[in-house]
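As a plain string of letters, each chain reads:
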Amino acid sequence: MIRLYIDTSLSVGLSQDLSSDQAHYVNNVMRLKVGDEVAVFNGQDGEWLGQISSARKKNCTIQLIEKIREQDSCPDLMLVFAPIKKQRLDFIMEKATELGVSDFQPVITQRTIASKIRSDRLCAQTIEASEQCERLNIPVVHEAVSLVQLVKDWPQERTLFVLNEHGGAKPILEGLQEFAGKEIGPCAILVGPEGGFDPSELDLLAKLQNVVPLSIGPRILRADTAALAAISCWQSVLGDWQVPLRKRFEKEE
Ligand code: SAM
């Protein structure tokens, strides 16, 4: 059953026209017909079973039948990333969404090459990835800030794990396990650009109260690899990977 994100409040009997892109996807790509069922979510009201009530060339309307899943949330884990080249950035957005990141915070560092980013593109990627991986919420994509501004405004309750490729940082599992079993609160993982961090940036970050430099193995990973490896470790030790995958929704025959 395909899943569609619709940015409107959801209730029994709601009749909702799909966007032209969604109508094209439903009608022409998935070739669904009137009476076929879809899953719908909006990020707040859980997941709903919908039925196609009308479908013409460029339009499609669905009618909501019943709620099939209660709203849940992802752990509060922000990925702070220096924008990198387009393909790899697309990859990070999709995979980090699947891995359960709650927020994306682009940060412009001294060696950031791709400093121009299109938030609408990034948002579209997170919505598509959320539909596919059956998330019920959509990650928040924040506006880009400079690293100096990020440090200046950093909320002291959010623990910042800095992926430090300059050597000497604690191995990631050891660093994360120090927080296991404790009320850690909101967290963030910071990954640098293709050119890595300038030492002065690591000095600036070290001034923060709740910053934890981490090493992710003896090899220098590309930024996209590093981000996804670190998120996976975090989810395993401090996140929601301790929770088994729920029983998937199957309509009784
Ligand atoms: N400056 C590096 C070089 O020699 O080309 C490349 C930096 S790496 C491509 C991009 C980012 O990935 C780094 O800034 C860091 O955040 C993270 N990273 C890569 N390998 C890492 C490692 N072994 N430990 C910690 N962080 C790493």
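Just so you know, these numbers come straight off a predicted model, no measurement behind them.

Definitions and cut-offs
- Residues numbered from 1 in each chain as written.
- Predicted model: local features only at pLDDT ≥ 70, side-chain atom pairs only at ≥ 80, totals over all residues.
- Heavy atoms only, no water.
- Helix = DSSP H or I, 4+ residues; strand = E, 2+ residues; numbered from the N terminus.
- Buried < 20%, exposed > 50% of the residue type's maximum accessible area, 1.4 Å probe, protein only.
- Near = heavy atom within 4 Å.
- Polar contact = N/O pair within 3.5 Å; in protein donor to acceptor, adjacent residues only side chain to side chain.
- Areas by Shrake-Rupley, 256 points an atom, 1.4 Å probe, with all protein chains shown as cover.
- Axes fitted to C-alpha atoms, helices over the stretch in contact; angles between N-to-C directions.
- Parallel < 35°, antiparallel > 145°, perpendicular 65-115°, else oblique.
- Contact = heavy atoms within 4.5 Å.
- Nonpolar A, V, L, I, M, F, W, Y, C, P; charged D, E, K, R; others polar.
- Core = buried A, V, L, I, M, F, W, Y, C linked by side-chain atoms within 4.5 Å.
- Domains from an automatic or database assignment.
- Buried area = accessible area lost by both parts, 1.4 Å probe.
- Salt bridge = Lys/Arg side-chain N within 4 Å of Asp/Glu carboxyl O.

## So, unusual backbone geometry
Here's step 1: For Arg31, which is not glycine, the phi dihedral falls at a positive 50 degrees.
Here's step 2: With respect to the helices, strands and loops of the structure, Arg31 is situated in the loop between helix H1 (20-29) and strand E3 (37-41).
Here's step 3: Note on Arg31: relative accessible area 60%, which makes it exposed.
Here's step 4: In this structure, Glu134 is a non-glycine residue whose phi angle is positive, near 65 degrees.

## What to know about the site of the ligand
Here's step 1: As a matter of local geometry, the ligand sits amid 20 residues, with Leu163, Gly192, Gly217, Arg219 and Leu221 nearest to it.
Here's step 2: The separation between a nitrogen atom of the ligand and a polar main-chain atom of Ile216 is 3.0 Å.
Here's step 3: Arg219 places a main-chain nitrogen or oxygen 2.7 Å from a nitrogen atom of the ligand.
Here's step 4: With the chains in place, 82% of the 570 Å² that the ligand exposes on its own is no longer accessible.

## Side note on the packing of helix H2 (residues 86-98) against helix H7 (residues 223-237)
Here's step 1: One can describe the packing of H2 onto H7 by two numbers: an axis separation of 9 Å at closest approach and a directional angle of 10 degrees. By the criterion of interaxial angle, the relationship of H2 to H7 is roughly parallel. Between H2, through Arg88, Phe91, Ile92, Lys95 and Ala96, and H7, the contact on the second element is made entirely by Ala223, Asp224, Ala227, Leu228 and Ile231.
Here's step 2: A per-class count over the contact of H2 with H7 returns 7 nonpolar, no polar and 3 charged.

## Some remarks on the nonpolar core
Here's step 1: By size, the foremost hydrophobic cluster in this structure holds 36 residues, and its most contacted members are Leu79, Phe161, Leu176, Ile189 and Ile231.
Here's step 2: For this core, the secondary-structure elements that each account for two or more residues are strand E6 (77-81), H2, strand E10 (159-163), helix H5 (172-177), strand E12 (187-191), strand E13 (211-215) and H7.
Here's step 3: The greatest single-element share of this core, amounting to 9 residues, is contributed by H7.
Here's step 4: In this structure, Ile231 is in contact with Leu77, Leu79, Ala96, Leu99, Val101 and Ile189, ignoring residues within four places of it in sequence.

## Topic: the domain arrangement of the protein
Here's step 1: The domain architecture assigned to the protein consists of domain 1 (3-69) and domain 2 (77-237).
Here's step 2: One C-alpha centre belongs to domain 1, the other to domain 2, and the line joining them spans 33 Å.
Here's step 3: Tallying the contact residues gives 10 residues for domain 1 and 8 residues for domain 2.
Here's step 4: Each partner contributes to the roughly 730 Å² buried at the junction of domain 1 and domain 2, and carbon and sulfur atoms together form 61% of this total.
Here's step 5: In terms of surface lost to domain 2, no three residues of domain 1 exceed Arg3, Tyr5 and Arg69, which account for 64% of the buried area on that side.
Here's step 6: Counting the contacts that link domain 1 with domain 2 gives 0 salt bridges.
Here's step 7: There are 6 residue pairs in polar contact (both at pLDDT 80 or more) connecting domain 1 and domain 2.
Here's step 8: Considering every element that reaches the side of domain 1 that touches domain 2, the biggest residue donor is strand E1 (residues 3-5), with 3 residues.
Here's step 9: Class assignment for the residues of the side of domain 1 that touches domain 2 results in 3 nonpolar, 4 polar and 3 charged.

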